[in-house]
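Chain by chain, the residues:
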Amino acid sequence: MSQRVDSVLVVDFGAQYAQLIARRVREAHVYSEIVPHTITIDEIVAKKPTAIIFSGGPKSVHTEGAPSIDRAVYDLGVPILGICYGAQLIAQQLGGRVDRTGRGEYGRTPLSVRAAGALFGGGMPDEQQVWMSHFDAIVDAPPGFTVTATTPEAPVAALEDTARAIYGVQFHPEVVHTPYGQQILQHFLYNAAGCEPRWTMSSVIDTQVDLVRAQVGAGRAICGLSGGVDSAVAAALVHKAIGSQLTCVFVDTGLMRKGEGEQVVETFRRNQKIELVHVRAADRFFDALAGVTDPERKRKIIGELFIRVFEDASGGVEDAKFLVQGTLYPDVIESGTSKAAKIKSHHNVGGLPDDMDFELVEPLRALFKDEVRAVGSELGLPDEIVWRQPFPGPGLGVRIIGAVSREKVEILQHADAIVREEVKSAGLEREIWQAFAVLPDIRSVGVQGDERTYAHPIIIRAVTSEDAMTADWARLPYELLETMSSRIINEVQGVNRVAYDITSKPPGTIEWE
Ligand code: XMP
């Protein structure tokens, strides 16, 4: 590989800020990694960062047990930028003063730049809006520091010591409500820290290809494809690295959405020329699910059978030692500690048991979802896979309320395809987190032609969301709902009514089960 790629450590002092900062740094084409504030100096040195950013955090620096960092970090000669809490910590640790000024500042706040210094300038106005969220404020900068900006309640809204390359801002440059925020971050990265904007998706692919080759050598790897974006991109990347040493296994549970099984086969076998074992297991799943109505039992049956089928199929791949998984960076950061991670592992029915004797290959471990999509496109995967909506591991099995049968799956697949087609042709596909159909376990009376009907309703569910932890029902145009409704009733046998779910999460969940 060619030149060194710079890397920035984002030290996490709590709350949600660190991920956003890391993403903004990456948008500036500099690699960044989040580390906990409990990191030791030796660990920092071992990572050889080009620069370090301290994130914001929810505490006051004066609180007993407030998160801190080894002061030796200031003597490493590595440029540092502190944001909000991070700036206050720098001020406090280096001999300045942080106090309660009384009012604090929250939201859009006018900032007056006193001196361009390293962070401002470059055509930025001296008076600009920034986003604030602080109660304490730095009232005296530490010795050696210059105050470069102020706000009404923050006498030291930005400070710097260029000799030691230590910088701080009280406001949040990482949020969109700070219009010059990205430019300020870039000034820090490029000018103050000398980072080069070399981190791109093609550099990521090159690096990962090298790493996968080094890890797998002449061995064989297998990858379970779910049809989802993460496993698809992981497979395509590993295939680029080791070609025919990779075999993909696609377990067709019969619970996928309409046309999805064929699409996986088409994309991977025909277009990407990846060796693919396509296990048609629908009958086994329908047999196992016959008459089962309890949602948790259904999930359990699907999950366990999936593992058994996968094990059988992968056993047929002689001497496979490596298992490719589409683990993403948020899974790595959150793993084990947060609630989010637990919810996810509970959800991941496609997840494989720990006792499978494989070494993991996880080429997407450092990437956020949007970066994975960009890598997928760069590797030539079609938009239908790269922009696929999240889909539960147990598939349509959880969107059929009550007992699952082949006939009900067909009804749901058809209605669901109409919902998605119409969302797509209305141009709303990328604005909507998920849009799908649900088949409840009830029937009601209707009239079609001159005939009385007694058939199922379809419930349309469409939500907007950032991360699936919370969601709002999508305000779909009435005309769009009308088209969906009349198409579903006219085209799908066995459906005589359509309802739209107007519940947010919480209190609802996104899926019906
Ligand atoms: P809920 O219904 O809990 O869903 O609001 C939150 C998000 O998770 C998805 N989901 C799953 N994803 N395996 C998955 O990989 C699962 O078993 C599963 N169940 C729900 C759901 O589609 C939504 O995006």
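Residues numbered from 1 in each chain as written. Predicted model: local features only at pLDDT ≥ 70, side-chain atom pairs only at ≥ 80, totals over all residues. Heavy atoms only, no water.

What follows deals with the domain arrangement of the chain. Structurally, the chain comprises domain 1 (7-192), domain 2 (201-385) and domain 3 (398-500). Each of domain 2 and domain 3 was reduced to a C-alpha centroid, and the two centroids are 28 Å apart. Taken over both partners, the interface formed by domain 2 and domain 3 buries close to 1,300 Å², and the fraction arising from carbon and sulfur atoms is 57%. Of all residues in domain 2, the largest losses of buried area upon contact with domain 3 belong to Arg257, Lys258 and Phe286, amounting jointly to 40% of the total for that side. In this structure, the connection of domain 2 to domain 3 is made through 2 salt bridges. A salt bridge links Arg430 to Asp383; the nearest nitrogen and oxygen atoms lie 3.6 Å apart. At the junction of domain 2 and domain 3, the tally comes to 4 residue pairs in polar contact (both at pLDDT 80 or more). When contributions to the side of domain 2 that touches domain 3 are tallied by element, the ones reaching two or more residues are helix H8 (282-289), helix H9 (295-315) and helix H11 (339-347). It is H8 that contributes the most residues to the side of domain 2 that touches domain 3, 4 residues altogether. (Domains from an automatic or database assignment. Buried area = accessible area lost by both parts, 1.4 Å probe. Salt bridge = Lys/Arg side-chain N within 4 Å of Asp/Glu carboxyl O. Polar contact = N/O pair within 3.5 Å; in protein donor to acceptor, adjacent residues only side chain to side chain. Helix = DSSP H or I, 4+ residues; strand = E, 2+ residues; numbered from the N terminus.)

What follows deals with the pairing of strand S17 (residues 451-464). Among the 14 residues in S17, 10 count as buried, and that is most of the element. Looking at chain direction, strand S16 (residues 444-448) and S17 are connected through 5 bridges and run antiparallel. Bridge pairing in S17 places Gly446 opposite Thr453. Between S16 and the antiparallel strand that follows it, S17, lie 2 residues; Gly449 among them carries a positive phi value of about 65°. Pairing analysis gives 5 bridges linking S17 to strand S19 (residues 495-500), with the strands arranged parallel. Bridging from a neighbouring strand, Pro457 pairs with Arg497 of S19. (Buried < 20%, exposed > 50% of the residue type's maximum accessible area, 1.4 Å probe, protein only. Pairing = 2+ DSSP bridges.)

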